[in-house]
Amino acid sequence: MKKIYLLFIALASTFAANAQLSFGHIQNQVPRDQRAINVFDVRKDTTAYKGISVDIGGAFALQFQAINSFNHQGDFTGTPNAGYRLNNLTNDFNLPNANMTIGAQLADGVRVNLDLYLASRHHHETWVQGGYLQIDKLDFIKKGLLEDVMKYTTIKIGQMENNYGDAHFRRSNNAYTITNPFIGNNIMDAFTTEMGAEIYYNRSGFVSMIGVTNSKLNQNVQEIIPGPTTAITPDQNTTVSPTILAKLGWDKQVDTDLRIRLTGSYYHTANSSGNLYSSDRAGSRFYSVMTHAGTIGYPASNILDSESNKDTGRFNPGFGNWATSYMINPFVKYKGFEFFGTLEFASGGDYKGTDDTRNVNQYVGDLVYRFGSHENLYVGAKYNLVDGKLRNSDAEAVQVNRFEAAAGWFMTKNILAKLSYVQQNYKNYQQFGNVGGVSMPNDFYGGKFEGLMFEATISF
């Protein structure tokens with residue numbers, strides 16, 4: 001936190017030394033409050049440029065969890081005993097989460113954004129999620145340059161939340177949960193921050209984006225050194241290839257009551273050191289669910305706590321080297337009713353030339369009804385199903401499904417309280433799995449967790 005305090009001091013000193021510096025005059029920025037709900041794209045506004053301006057914001061979230069986990073495992077003789085091997089979860093508060101955003105308007109149509117995690121499930125210390133430059137005008141090069149094109153075009157460059165699909169605009173990002181009407185994210189949670197660039201062209205309801213990243217969550221210049229058998233010919237599995245992102249769609253406010261949006265998105269990497277479905281470093285919202293109690297026979301290293309085992313409740317298809325994913329997102333809002341859907345078709349493998357392609361599909365639908373003054377109250381329900389093989393050698397695909405019902409109250413546009421009931425089920429998981437080369441009972445065999453969660457969030 002010392003670095004954050006020093007940053008505030010530096011900003012205040014700059015403000016005192018530069019009369020042109022102001023606060024809050026940031027162009028083309030999505031609000032970080034209730035107004036951000038159902039904003040899926042970059043936006044253009046009419047905020048006037050008034051010199052260098054600074055923006056500072058934050059988000060805080062706190063949950064009370066009352067969830068129990070069960071499975072059909074028993075002792076090593078296979079005797080069923082529901083819940084015998086899973087942690088006994090207490091009803092209590094989770095670690096509070098905190099985010100911070102620092103932005104600056106550097107020139108007319110040019111701004112920079114820095115996103116920080118002050119506290120998260122996976123990291124208790126402050127660290128950077130990412131930062132990017134957003135360009136909406138080219139006047140800094142030459143006044144009026146490509147003015148007719150840039151009226152509809154936005155360029156983003158940096159380490160940032162990559163725009164694959166529309167579902168990530170409706171998810172919780174650590175403490176920033178105000179746009180998520182529920183508490184959990186999708187079971188197969190597509191979210192990553194990688195170094196790259198995205199170009200948007202949105203006009204008259206037409207939505208489009210093309211992007212490229214370097215496929216790395218953690219930036220470095222190292223690659224795996226091929227062994228003696230690949231010294232002459234480079235090993236295609238040790239080379240990191242760019243990731244290609246694309247989105248195409250249509251979004252129209254048909255009349256005062258009806259809005260319709262439909263987008264299709266594409267993600268592809270030929271060789272990657274990262275994974276689209278495991279790159280959320282903040283962690284899952286369902287703490288310690290489906291983790292075993294460390295009974296006799298389990299290695300101590302496999303007794304996982306809520307920090308080291310941050311992705312409890314999620315499904316990772318485990319595409320270790322190459323992957324292609326398609327996401328289709330329909331959205332309809334009629335008066336207070338909202339429907340948002342996700343159809344996701346992912347395929348990939350672990351090692352080129354030896355591992356055949358596996359397919360994993362995800363289907364999500366949520367229905368929300370907003371009512372009250374300025375739609376400050378809502379109720380909703382969400383169903384999520386993931387189906388696919390963990391290995392090509394498996395006889396059948398596993399399934400994970402979740403039902404979540406929620407209610408929320410915006411006390412102000414910056415303060416939201418949610419109450420949620422969740423039930424998640426695991427099907428077709430084998431009774432025993434390989435843990436460190438030893439056959440061990442599988443926590444997900446006949447697995448299930450359910451219960452209540454309360455979350456309060458503040459965002460500004």
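Note that the structure is predicted; figures quoted are calculated from it, not measured. (Residues numbered from 1 in each chain as written. Predicted model: local features only at pLDDT ≥ 70, side-chain atom pairs only at ≥ 80, totals over all residues. Heavy atoms only, no water.)

**Here we look at a nonpolar patch on the surface**
Next, step 1: On the surface, a nonpolar cluster with roughly 510 Å² of combined accessible area is contributed by L262, Y326, I328, L343, F345 and Y363.
Next, step 2: Within the residue set of the nonpolar patch, elements represented by two or more residues are β12 (322-334) and β13 (337-349).
Next, step 3: Following the sequence through the fold, Y363 ends up in strand β14 (residues 358-371).
Next, step 4: Y363 gets classed as partly exposed once you look at its relative accessible area, which sits at 34%. (Patch = residues over 30% accessible without salt bridge, like charges linked within 9 Å, V, L, I, M, F, W, Y side chains within 5 Å. Areas by Shrake-Rupley, 256 points an atom, 1.4 Å probe, with all protein chains shown as cover. Salt bridge = Lys/Arg side-chain N within 4 Å of Asp/Glu carboxyl O. Helix = DSSP H or I, 4+ residues; strand = E, 2+ residues; numbered from the N terminus. Buried < 20%, exposed > 50% of the residue type's maximum accessible area, 1.4 Å probe, protein only.)

**Regarding unusual backbone geometry**
Next, step 1: Phi at N38 is positive, roughly 65°, even though this residue is not glycine.
Next, step 2: With respect to the helices and strands, the residue N38 is situated in the loop between β1 (22-23) and β2 (53-70).
Next, step 3: Taking the relative accessible area as the measure of exposure, N38 reaches 10% and is therefore buried.
Next, step 4: One non-glycine residue, S288, adopts positive backbone phi at about 65°.
Next, step 5: Position of S288 among the secondary structure elements: in the loop between β11 (258-269) and β12.

**Brief notes about empty space enclosed by the protein**
Next, step 1: Evaluated as defined, the whole model comprises 7 cavities of 30 Å³ or more.
Next, step 2: The computed volume of the largest cavity comes to approximately 830 Å³.
Next, step 3: In this structure, the largest cavity is lined by 42 residues; those nearest its centre are V30, D115, Y132, E161 and Y176.
Next, step 4: At the level of secondary structure, the elements contributing two or more residues to the lining of the largest cavity comprise β2, β4 (97-107), β5 (110-119), β6 (127-135), β7 (153-161) and β8 (193-201).
Next, step 5: Counting residues per element, the lining of the largest cavity draws most heavily on β5, at 5 residues.
Next, step 6: Its residues placed into classes, the lining of the largest cavity shows 16 nonpolar, 16 polar and 10 charged.
Next, step 7: The calculated volume of the second largest cavity comes to roughly 150 Å³. (1 Å grid on protein atoms, 1.4 Å probe; cavity = no way out; pocket = protein on both sides within 12 Å on 5 of 7 lines; lining within 4 Å. Points joined across faces, edges and corners; volume = space filled by probe spheres on them. Nonpolar A, V, L, I, M, F, W, Y, C, P; charged D, E, K, R; others polar.)

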